[in-house]
Amino acid sequence: MTDGPSYGFDTLQVHAGARPDPATGARQVPIYQTTAYVFRDADHAAALFNLQEVGYIYSRLTNPTVGALQERIATLEGGAGAVCCSSGHAAQIMALFPLMAPGRNIVASTRLYGGSVTQLSQTIKRFGWTAKFVDFDDLEAVKAAIDDDTRAVFGEAIANPGGHIMDVRAIADIADAAGIPLIIDNTSATPYLCRPIELGATLVVHSTTKYLTGNGTVTGGCVVDSGKFDWTANDKFPSMSEPEPAYHGLKFAETFGPLAFTFHGIAIGLRDLGMTMNPQAAHYTLMGIETLSLRMERHVENAVKVAKWLEADDRVDYVTYAGLESSPYFDRIAKVCPKGAGALFTVGVKGGYDACVKMIDSLEIFSHVANLGDTRSLIIHSASTTHRQLTEDQQRAAGAAPEVVRISIGIEDADDLIADLDQALAKATA
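Residues numbered from 1 in each chain as written. Predicted model: local features only at pLDDT ≥ 70, side-chain atom pairs only at ≥ 80, totals over all residues. Heavy atoms only, no water.

Trainee: Even after reading the chapter, I still don't get the sheet that holds strand β5 (residues 182-185), so can you show me in this structure?
Mentor: Strands in a sheet are paired, the pairing made by backbone hydrogen bonds, and the direction either parallel or antiparallel. In space, the 7 strands of this open sheet follow the order β1-β7-β6-β5-β4-β2-β3, with mixed pairing throughout. The open sheet has two edge strands with one neighbour each: β1 (81-85) and β3 (130-134). Taken over all neighbouring pairs, the strand axes of this sheet differ in orientation by 20° on average, direction set aside. Relative to β1, helix α3 (residues 64-77) is tilted by about 130°, and along the sheet it contacts β1, β6 (203-207) and β7 (221-225). Sitting on the sheet, helix α5 (residues 114-121) touches β2 (105-109), β3 and β4 (150-156), and the angle it makes with β3 is about 135°. (Pairing = 2+ DSSP bridges. Helix = DSSP H or I, 4+ residues; strand = E, 2+ residues; numbered from the N terminus. Axes fitted to C-alpha atoms, helices over the stretch in contact; angles between N-to-C directions. Contact = heavy atoms within 4.5 Å.)

Trainee: When you look at the sheet that holds strand β11 (residues 378-380) in this model, what are you seeing that I'm missing?
Mentor: Here 5 strands make up an open sheet; going across it, the order is β8-β9-β12-β11-β10 and the pairing mixed. Edge positions in the sheet fall to β8 (316-319) and β10 (367-368), since each of these pairs with one other strand and no more. Direction of pairing for strand β9 (residues 344-349) relative to strand β12 (residues 404-408): antiparallel, over a ladder of 5 bridges. What sits directly across from Thr346, in β12, is Arg406.

Trainee: How do you make sense of the packing of helix α15 (residues 352-362) against helix α17 (residues 414-428) when you look at a structure like this?
Mentor: When two helices pack together, their arrangement is given by the angle between their axes and by how far apart the axes lie. The N-to-C vectors of α15 and α17 enclose an angle of 140°; their axes lie 8 Å apart at closest approach. Here α15 lies oblique to α17, going by the angle between them. You can see that α15 and α17 cross each other, and the crossing is right-handed. Between α15 and α17, the contacting residues are Ala355, Lys358, Met359 and Ser362 on the first element and Leu421, Gln423, Ala424, Leu425, Lys427 and Ala428 on the second. For the contact of α15 with α17, the residue count by class is 6 nonpolar, 2 polar and 2 charged. (Parallel < 35°, antiparallel > 145°, perpendicular 65-115°, else oblique. Left-handed = near helix turned anticlockwise from the far one by under 90°. Nonpolar A, V, L, I, M, F, W, Y, C, P; charged D, E, K, R; others polar.)

In structure tokens:
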């Protein structure tokens, strides 16, 4: 649906990538539960393996169900192509893999999901890569952190857990001036609320586990390529611009143009890293995306109402939701995510650690889980769970202070959510 009229988001979220099955006429995308595909003949097989023809070889690389999801997400994000994989963390490694080499670094925002901080500060060291963490509100600090070995800039459009909104355009301008790509994690915003590519991002990553699927059933990730970055403008990205020995000297940028990064992600990333999305997961996510705009509208509507109530409650110290006029990020909503500030934020509860634990244990509608972006409202006390091993100073630096809970607002009746929080706060602060 990308070559015809300019369809609206609501139409594309239902139809992009979804064509009636040519064999049966099935209207919903079938689950192609197969590992391999029969070649027409020996020449066909050779052409596929040489990347001279596009088609299906083996489901670690390509699968029709996963392919439909890739096309849908790329269309909604305004990208040239996409590669789906097994999780959001897999997507981040997939995005970095063609860019990095031993001794290279990335500049990353200090406001990231805790698991991403660990991945970038600890795990990538095993590849010989490093990360510099910088406050992305300090543009001069971002510029100063970029050096000759920097190969990417990485941030979240709407940061997890605090819901802080990043000035994507300002950071994109800095990355462009340095000749390196900007990677935006758009998980918390989704393409319905924020379109990072339109704001200058080169690559967009998602944990499709969250809002895109929306029902807490399967894990998945996706890397979307804008198709707009010139990989041959300098010598920083030899994986894209130089001959690839595994394909007889083929140059991805020269051969595939705007789809160079996407083809590299499949032909080398999935081939060698093997972080494949299974077709069942792709099917669940395709169905979830069909209602994305409807869900996000309700998520945002509920989040605004609940956050305002919490902010006015005497038992609460503060609320970090950017949709509140008191937030320092409120003015960024119009230019970064004009349809709303998402539905994720943190709450400082008076009474500290003990009050937070009592509050968690007293809730009836909210689910105490390590997830976000579900239709159900979710809550977690990071200091007693995901950040339990850190000192209090480390917890505060990570936005997971002892008095803080993270809330992901669902699509239930907002008055019921408020009533549930009210009774839990009453028990927690009695």
